[in-house]
Amino acid sequence: MQFPESWLRSFCNPPLTTQQLADTLTMGGLEVEDLRPVAPPFTQVMVGEIKEAAQHPNADRLRVCQVDVGQGALLTIVCGAPNARAGIKVPCALVGAQLPPGDDGKPFDIKLGQLRGVESQGMLCSARELKLSEDHGGLLELAADAPVGGNIRDWLKLDDTVFTLKLTPNLAHALSVYGVARELAALTNIAVAAPEFVANPVTHPDSLPITLSAPDLCGRFSGRIVRGVNTKVKTPAWMVERLARCGQRSVSPLVDISNYVMFEFGRPSHIFDLDKIHGGLDVRWGKPGEQLKLLNGNTVTVDETVGVIADANGLESLAGIMGGDATAVSDDTQNIYIEAAFWWPQAIQGRSRRYQFSTDAGHRFERGVDPSSTVDHLEHITRLVLQICGGSAGPMGDQTTRLPELPPVTLRVARAAKVIGMPLTQADCAQALGRLGLVFTQGEGSLTVTPPPHRFDLTIEEDLIEEVARVIGYNQLPDVPPQAPVTPQLRTEAKRSRFAVCRQLAALGYQETINFSFVQEQWERDLAGNADPIRLLNPMSSQMGVMRSSLLGSLLQVLKFNLDRKAERVRVFEVGRVFVRDASVVTTDTTVRGIHQPMRVSGLAYGDSAGLQWGASSRPADFFDVKGDVQALLAPATLQFNAGGHPALHPGRCARVSLAGQNIGWVGELHPKWRQSWELTAAPVLFELSLDAVLARDVPAFQSVSKFQSVQRDIAVVVADAVTHTALMQAVHAAATGGLLRDALLFDVYRPKQSGSGLDVGEKSLAVRLTLCSDEATLTEAQIDQAVGAVTSEIERQVGGRLRS
């Protein structure tokens, strides 16, 4: 919400500077998000009247103007504006004036100069040259009553500041200039200028039949007919100026009046063209399939949960949100019907978002608007209409079905002192509540407040405690050091931090990304095999409708984004939460029933394995590169990689990652069909691991180094071609060597190109280097032979291997 400071001070004018006033509002709970001057600084710009405008003798598009700026003698000024003509009043910058900076950031100085041989003694200005607007179509024409020679800043009231407030949803009563002034008066203990609403004279008996068919939609409906209005008049400059400084452009006199009262008192209203209404108006819930063309040009389809105003021919307005195009006022309108109503907040909430737009009226009604002031505000609107557009007013119609009942709320003084954290007396609380204009009764140690009709936010004791705290002033709260001892929670040595994992991945060449937890449903189906993802009730967009159960889709989107911007090598990772259905999860402070929310770490590598360099030939990153990164991430733990299947990964280039017998994730190349659907020229390699498994680590334990020399023996075994490296190593380490085997390393694989080399078809030869050692004595040949024999026997038993002859 934004408004000019001058309008606020017309209701409440405390002896504070602009910045002090902003600080007071912010400390009172009405956060001032921005302060912006109405106009940038400029000097010596006066109101000038063009007395004569003659054609320039040496230029077709220039005029030589004689301008009166109240100095006695006329100034000769050369001007190229198309609307420069005799009789108009415009801003005139005198010689020596300094205008706002241009595109180069430097102020523009007005000097005496020659334009095509004619001396120019100043400059006539447009709104854009004064930085008042972007309009540069001609000179800024001023009102006829502008004083010649007067300072343009004083005449246009440019020494003003626009306040922009960032209000929380509970501050509906402050969604108007008067509402903010009422709060400012309480915070500064300065009286607010209460408005007077005088009944307008009734000069004709006409009224419009109104039927309130939905009491749960509309609690009060007020309206009246005004005949003989002139909608072709101009909106007064003072109203246009205030609306512009509230961020609202001028549309037409009737629309401007309605908007003006909304900004002034927070009362949305609507003005119908009476001659376009058929019969009376019926305030009711919509019917499925009914359609309405709105003022913004959109046509919406309503149902039984959307409130409408209808006449005999159909829908005419979306209740509390926007009027319909069929009964909109225009330049031909002569008779109008003005309505001001109280719409129940529950009946308005969420309806605008359903149709993907929002309005100032809906924003206010869904938070709550004072139901007691519809008639007063309608009288105020009528008075402005009669003053600006003329006409004659009919009798006031006012129907009430059901109004909010705001129950009394009790404030315990002792409770308030405990919550606020400072000593308070009952008199302190009474004074604070009284400054807010709240009516209360006092008991022993308590005050019972009856909330006024404009305060929908006062429902529990804590609401009153907040009011007392902000009126007294948060800056008045004493600084009390914490009583409880502050002890750091030290992380055990058996667990590293999430930041350490991120730093290690960064050291491996990956860059961190942060993505939404909301993803496309297709990603879940394709990449996670999740046919029943967790759906959002109110998604940000149709492409972000479900919660992700895997991080892989987010990384592929990041990859695609970078490739579309000509990136050649992409290595990214994310540490984030996923969401999986799990009926065993119960609701706690950190969990939601039925939803498991584990943390995972995932990475992606695409493009050249080493980047641009000269030491080795270029090759794309493959499965083994990323496998090595995963091993480095969890080092010194020993991982097992077993062939497996994952919906997102290549069936022949995918492995399940296990640690201590537990599956902790996957690593593999993207499936060819997903590579094709994402339009990737090469296949990225991805991994996804449980973060808990990555964070855990074994505490290092001391192990003495053997004093005796180790022995190495190489063996070559023939096994079936289907035997994997993991199966072979498991057989080697399972051999009964009496603890002598310290390490085993596969260093050669041989597959014959043709038969006759001692290997049958479908066999391969694997060369393994065994490292043997004892902590007790130097190994003898007999011990070495026995250990090697145990290894070859276990290989033969587990994988059917034999020593190669």
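Residue numbers restart at each chain and count upward from 1, following the sequence in its written direction. This being a predicted model, a pLDDT of at least 70 is required before a residue's local features are given, and a value of 80 or more before pairs of side-chain atoms are given or counted; all residues contribute to the totals for chains, interfaces and linings. Side-chain measures were taken over the full set of non-hydrogen atoms in the model, leaving aside hydrogen atoms and water.

Segments assigned H or I by DSSP are reported as helices when at least four residues long, segments assigned E as strands when at least two residues long, and all are numbered from the N terminus. From N to C terminus, the protein includes 21 helices and 42 strands. A radius of gyration in this sense is built from C-alpha atoms; the matching globule rule multiplies 2.2 Å by the number of residues raised to 0.38. Whereas a compact globule of 805 residues would reach a radius of gyration of roughly 28 Å, the protein reaches 40 Å, over 25% beyond that. Dimensions of the protein, computed from the C-alpha atoms along their principal axes, are close to 125 × 85 × 65 Å. Taking all 805 residues of the protein together, the buried fraction comes to 47%. By definition in these notes, contact holds between two residues if any of their heavy atoms fall within 4.5 Å. Taking as baseline every contact in the protein between residues at least 6 positions apart, the subset at least 24 positions apart corresponds to 68%. All accessibility values rest on the Shrake-Rupley procedure with a 1.4 Å probe; residue burial counts only the protein chains present in the view. When the accessible surface of the protein is summed, it comes to about 41100 Å², and 50% of that surface belongs to carbon and sulfur atoms. Buried residues are those whose accessible area, probed at 1.4 Å on protein chains only, stays under 20% of the maximum for their type, while exposed residues exceed 50% and partly exposed ones sit between those limits.

Before going further, it helps to examine the side chain of Thr-235. On the secondary structure map, Thr-235 appears in the loop between strand S13 (218–227) and helix H5 (237–245). For Thr-235, a relative accessible area of 13% gives the class buried. Polar contacts, as counted here, are pairs of nitrogen or oxygen atoms within 3.5 Å of one another; within protein the pair requires one atom able to donate a hydrogen and one able to accept it, and residues that are adjacent in sequence qualify only if both atoms are side-chain atoms. Only 2.7 Å separates the side chain of Thr-235 from the side chain of Asp-256, close enough to count as a polar contact. Aside from chain neighbours lying at most four places away, what touches Thr-235 is Val-240, Ser-250, Ser-252, Pro-253 and Asp-256.

Moving on, we get to the packing of aromatic side chains. Each aromatic pair joins two rings of Phe, Tyr and Trp (for Trp, the six-membered one) with centres within 6.5 Å, and gets the label stacked for planes under 30 degrees apart, edge-to-face for over 60, and tilted for any other angle. One pass over the full model with this rule turns up 15 aromatic pairs. Ring centres 5.4 Å apart and planes at 70 degrees place the aromatic pair Phe-11 and Tyr-178 in the edge-to-face group. Here Phe-11 is found in helix H1 (residues 5–11), whereas its partner Tyr-178 is found in helix H4 (residues 177–188), with 167 residues between them in sequence. Accessibility expressed as a relative area gives 10% for Phe-11, which makes it buried. On the accessibility criterion, Tyr-178 (13% relative accessible area) is buried. Seen from their ring centres, Phe-197 and Phe-265 are 5.4 Å apart, and the 65 degrees between their planes marks the pair as edge-to-face. Within this pair, whereas Phe-197 is found in the loop between H4 and strand S12 (210–212), its partner Phe-265 is found in helix H6 (residues 253–265), the two being separated by 68 residues in sequence. Assessed through its relative accessible area of 11%, Phe-265 is described here as buried.

In a packed pair of helices, the relevant descriptors are the angle between the two axes and the axis-to-axis distance. In this analysis, axes come from line fits to C-alpha atoms, helices being fitted only over the stretch in contact, and the angle between any two N-to-C directions falls in the range 0 to 180 degrees. The contact between H6 and helix H10 (residues 374–389) brings their axes to 10 Å, and the two run at 145 degrees. As for how H6 packs across H10, the hand of that crossing is right-handed. Here Pro-253, Leu-254, Ile-257, Tyr-260, Val-261, Glu-264 and Phe-265 of H6 come into contact with H10, specifically with His-377, His-380, Ile-381, Leu-384, Val-385, Ile-388 and Cys-389. As a working rule, the residues Ala, Val, Leu, Ile, Met, Phe, Trp, Tyr, Cys and Pro are called nonpolar, Asp, Glu, Lys and Arg charged, and the rest polar, with Gly in that last group. Residues that form the contact of H6 with H10 fall into these classes: eleven nonpolar, two polar and one charged. Crossings are sorted by hand: turned counterclockwise from the far helix by less than a right angle, the near helix makes the crossing left-handed, and turned clockwise it makes it right-handed.

Let's shift gears to the nonpolar core. Phe-3, Leu-8, Leu-25, Val-180, Ile-336, Ile-338 and Val-385 are the most contacted members of the largest nonpolar core, which totals 44 residues. Broken down by secondary-structure element, the contributors of at least two residues to this core are H1, helix H2 (18–27), strand S11 (161–166), H4, H5, H6, strand S21 (335–343) and H10. The element that contributes the greatest number of residues to this core is H6, accounting for seven residues. Among residues more than four places away in sequence, those in contact with Ile-338 are Ser-222, Gly-223, Arg-224, Val-226, His-270, Ile-271, Leu-378, Ile-381, Thr-382 and Val-385. In these notes, a set of buried Ala, Val, Leu, Ile, Met, Phe, Trp, Tyr and Cys residues joined through side-chain atoms within 4.5 Å is what counts as a nonpolar core. If you look at the next biggest cluster of nonpolar residues, it comprises 38 residues, including Phe-221, Leu-292, Ile-321 and Met-322.

Each regular strand carries side chains that alternate between the two faces of the sheet. If DSSP finds at least two bridges between two strands, the strands pair. Of the strand pairs in this sheet, strand S24 (residues 409–412) and strand S26 (residues 446–450) are connected by four bridges, and their pairing is antiparallel. Opposite Leu-411, over in S26, you have Leu-447 as the bridge partner. Across five bridges, the pairing between strand S25 (residues 439–443) and S26 is antiparallel. Each bridged residue has a counterpart across the sheet, and for Gly-443 the counterpart in S26 is Ser-446. Between S25 and S26, which follow one another and run antiparallel, lie two residues, and Gly-445 among them has a positive phi close to 75 degrees.

Looking now at the pairing of strand S31 (residues 570–577). Of all eight residues making up S31, seven are buried, and the element is well covered by its neighbours. Note that strand S27 (residues 511–512) and S31 share two bridges and pair parallel. Across the sheet, Glu-512 pairs through a bridge with Phe-573, a residue of S31. Direction of pairing for S31 relative to strand S34 (residues 599–606): antiparallel, over a ladder of eight bridges. Paired with Arg-571 across the strands is Ala-605, a residue of S34.

Another point: the pattern of salt bridges. Whenever Lys or Arg places a side-chain nitrogen within 4 Å of a carboxyl oxygen from Asp or Glu, that contact is recorded as a salt bridge. Applying the stated criterion across every chain yields a total of 37 salt bridges. With a closest N to O distance of 3.4 Å, Asp-160 and Arg-245 form a salt bridge. One end of the pair, Asp-160, is in the loop between helix H3 (152–155) and S11; the other, Arg-245, is in helix H5, with 85 residues separating them in the sequence. Exposure remark for Asp-160: the relative accessible area of 7% places this residue in the buried category. Ionic pairing is found between Arg-245 and Glu-241, a salt bridge with its closest N-O pair at 3.3 Å. Remark: Glu-241 and Arg-245 occur in helix H5; sequence separation between them is four residues, near one turn of the helix.

Time to look at the side chain of His-650. Along the chain, His-650 turns up in strand S36 (residues 649–659). Of the residues examined, His-650 reaches a relative accessible area of 18% and is grouped as buried. Beyond its immediate chain neighbours, meaning those up to four positions away, His-650 contacts Glu-669, Leu-670, His-671 and Pro-672.

The five strands are arranged S12-S15-S18-S19-S20 in an open sheet whose pairing can be described as mixed. Two strands close off the open sheet at either side, each with one partner strand: S12 and strand S20 (322–323).

Further remarks concern the layout of surface pockets. Size it by volume and the largest pocket reaches roughly 1400 Å³. Any residue with an atom within 4 Å of a point lines the site, the site being either a cavity, points on a 1 Å grid over the protein atoms alone where a 1.4 Å probe fits but cannot get out, or a pocket, an open set with protein on both sides within 12 Å along at least 5 of 7 lines. Leu-140, Leu-156, Ala-237, Val-240 and Glu-241 are the residues nearest the centre of the largest pocket, which is lined by 38 residues in total. Of all the secondary structure elements, the ones that give two or more residues to the lining of the largest pocket are H5 and H6. Considering every element that reaches the lining of the largest pocket, the biggest residue donor is H5, with seven residues. Taken together, the residues that form the lining of the largest pocket break down as 19 nonpolar, seven polar and twelve charged. Grid points are joined across faces, edges and corners, and a volume is the space filled by probe spheres set on the points. Empty space within the second largest pocket amounts to approximately 960 Å³. If you go around the second largest pocket, you meet 29 residues; those closest to its centre are Lys-627, Phe-641, Asn-642, His-725 and Thr-726. Counting only elements with at least two residues in the lining of the second largest pocket, the list comes to helix H17 (623–634), strand S35 (639–643), S36, helix H20 (725–733), strand S40 (741–750) and strand S41 (763–772). Considered class by class, the residues forming the lining of the second largest pocket number 15 nonpolar, ten polar and four charged.

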